[in-house]
Amino acid sequence: TLIVRTPSQQVTSLLADPRHTPVSAIYLEAEPLLNLRLARTLLPAARTVGVLVPTPAPAWLAPLRTEAHRWDFTLAEIPVTDDLGAVRALRPRLPGLDAVLLPPETTVINEWSLKPLLLMTVRQGVPTFGGLTARYVDAGVTAAVVADEARLPAQIETVVAELVRGRAPAPAYPTAVRVAVNPTVAHTLGLAAEAVERAQSLFARP
C-alpha cells in the first residue's frame, strides 16, 4: 500500500495498527526542519525560535533540535496537548521569541487555532513559519517550505517501483520542495525584499 499526501501524524497512527499490510507513504508536509533554514534566510539576526510541541513528543522533534543548533537558533519548546492549549501557551511566550514554528500536527494547528495564533503573532511582530501546505501561508503564515506538487510524481514512481519488487520503503517526506511566502505579511513585518527573494530561491529546481 502506498499512501500519498497524508500528514505524517495520520500515517503514524495508521502504522500503529498491526493488522495492516506493509505500508509506504509520502507525507503531505515538507520535513519540518527545512523551515529553520528558511527562517535563517529571512531573519539573519534571529536567535530564538519558539516551537509548539505536541504531547507525546513527535518524531520530528529530535532532528529539529539538531537543525536548530546548525543554524545557531535557540529552540524554545512550548509543550501543548491540543489546539486550545496551543493558543494559551504561546501568548505569554511571544515577547521572548524572534519567530514561531508551527508544527505539522492538526490536533494543534487547525482551522480553529490558526487564526488566533496568526493574529497574536502579527500584532507582536513575530514571523511564523511552517504548517502542512501552502494554504497555511495563504491564510497568513509568513512563509513555509512545502511540497512541490509538480515534482511529486517522480518520487511516487520511485516508490511504486520498489513496491513492485516486493519492498516497501519507509514513509518519507517529499523530496521535492519549494518555498511559499505571504508577501502581505512579509511586508507588514518589515522583512527585507532581498531576503524574501533569496528565500524564494531556496530548494529551487537545479
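Residues numbered from 1 in each chain as written. Predicted model: local features only at pLDDT ≥ 70, side-chain atom pairs only at ≥ 80, totals over all residues. Heavy atoms only, no water.

**Description of the overall build of the protein**
And then number 1: The helix and strand tally for the protein stands at nine helices and eight strands.
And then number 2: Relative to the compact-globule value of 17 Å for 206 residues, the protein shows a C-alpha radius of gyration of 17 Å, a close match.
And then number 3: Each principal axis of the C-alpha atoms in the protein carries an extent, and together these give about 50 × 40 × 30 Å.
And then number 4: In the protein, which comprises 206 residues, the share counted as buried stands at 51%.
And then number 5: Expressed as a percentage of contacts within the protein between residues at least 6 apart in sequence, the contacts between residues at least 24 apart total 73%.
And then number 6: Of the roughly 10,400 Å² that the protein leaves accessible, carbon and sulfur atoms contribute 54%. (Helix = DSSP H or I, 4+ residues; strand = E, 2+ residues; numbered from the N terminus. Rg over C-alpha atoms; globule rule 2.2 N^0.38 Å. Buried < 20%, exposed > 50% of the residue type's maximum accessible area, 1.4 Å probe, protein only. Contact = heavy atoms within 4.5 Å. Areas by Shrake-Rupley, 256 points an atom, 1.4 Å probe, with all protein chains shown as cover.)

**Notes on the layout of surface pockets**
Over the atoms a probe the size of a water molecule is rolled, and this reveals where empty space is left.
And then number 1: Here the largest pocket is characterised by a volume of approximately 310 Å³.
And then number 2: Looking at the largest pocket, it is lined by 17 residues, and the ones nearest its centre are Gln9, Thr12, Pro58, Ala59 and Glu105.
And then number 3: The residue inventory of the lining of the largest pocket, partitioned by class, reads ten nonpolar, six polar and one charged.
And then number 4: Estimated volume of the second largest pocket: approximately 190 Å³.
And then number 5: With three residues, the top contributor of residues to the lining of the second largest pocket is helix α6 (residues 134–139).
And then number 6: Taken together, the residues of the lining of the second largest pocket break down into six nonpolar, two polar and two charged. (1 Å grid on protein atoms, 1.4 Å probe; cavity = no way out; pocket = protein on both sides within 12 Å on 5 of 7 lines; lining within 4 Å. Points joined across faces, edges and corners; volume = space filled by probe spheres on them. Nonpolar A, V, L, I, M, F, W, Y, C, P; charged D, E, K, R; others polar.)

**Things to note about empty space enclosed by the protein**
And then number 1: One pass over the full model with this rule turns up one cavity of 30 Å³ or more.
And then number 2: Each pocket or cavity is described by its volume, and for the largest cavity that value is around 30 Å³.
And then number 3: What lines the largest cavity is simply Val4, Arg5, Ile26, Tyr27, Leu28, Ala147, Leu152 and Pro174.
And then number 4: Counting only elements with at least two residues in the lining of the largest cavity, the list comes to β1 (2–6) and β2 (24–27).
And then number 5: Across the lining of the largest cavity, the residue classes break down as seven nonpolar, no polar and one charged.

**Examining the environment of Pro116**
And then number 1: Position of Pro116 relative to the elements: it lies in helix α5 (residues 114–123).
And then number 2: Owing to a relative accessible area of 25%, Pro116 belongs among the partly exposed residues under this scheme.
And then number 3: Separated by 25 residues in the primary sequence, Pro116 and Arg91 have C-alpha atoms spaced 9.8 Å apart.

**Focus on the pairing of strand β4 (residues 74–80)**
And then number 1: Relative to β4, strand β3 (residues 48–54) is paired through seven bridges, and the arrangement is parallel. By the bridge assignment, Val49 is partnered in β4 with Leu75.
And then number 2: The handedness of the β3 to β4 crossover, carried by helix α3 (residues 61–70), is right-handed. (Pairing = 2+ DSSP bridges. Right-handed = clockwise from strand over helix to strand, strands pointing away.)

**Quick word on the nonpolar core**
And then number 1: Counting 41 residues, the largest nonpolar core has Leu38, Leu42, Leu64, Phe129 and Val145 as the members making the most contacts within it.
And then number 2: Per-element tally for this core: the top contributor is helix α2 (residues 34–42), with five residues.
And then number 3: Leaving out residues up to four positions away in the same chain, Leu42 has contacts with Phe129, Ala143, Leu191, Ala195, Val196 and Ala199.
And then number 4: In this structure, Ala76, Val100, Val126 and Tyr136 belong to the second largest nonpolar core, which totals 27 residues. (Core = buried A, V, L, I, M, F, W, Y, C linked by side-chain atoms within 4.5 Å.)

**With respect to the side chain of Ser24**
And then number 1: Looking at the element boundaries, Ser24 is found in strand β2.
And then number 2: When its relative accessible area of 0% is taken as the criterion, Ser24 is described as buried.
And then number 3: At 2.8 Å, the side chain of Ser24 forms a polar contact with the backbone oxygen of Pro169.
And then number 4: Filtering out sequence-adjacent residues up to four positions away, Ser24 remains in contact with Thr1, Leu2, Ile3, Val159, Leu163, Pro169 and Ala170. (Polar contact = N/O pair within 3.5 Å; in protein donor to acceptor, adjacent residues only side chain to side chain.)

**A word on the environment of Met120**
And then number 1: The topology assignment puts Met120 in helix α5.
And then number 2: Taking relative accessible area as the criterion, Met120 reaches 7% and is therefore assigned buried.
And then number 3: Among all residues touching Met120, those that are not within four sequence positions of it are Val87, Leu90, Arg91 and Leu94.

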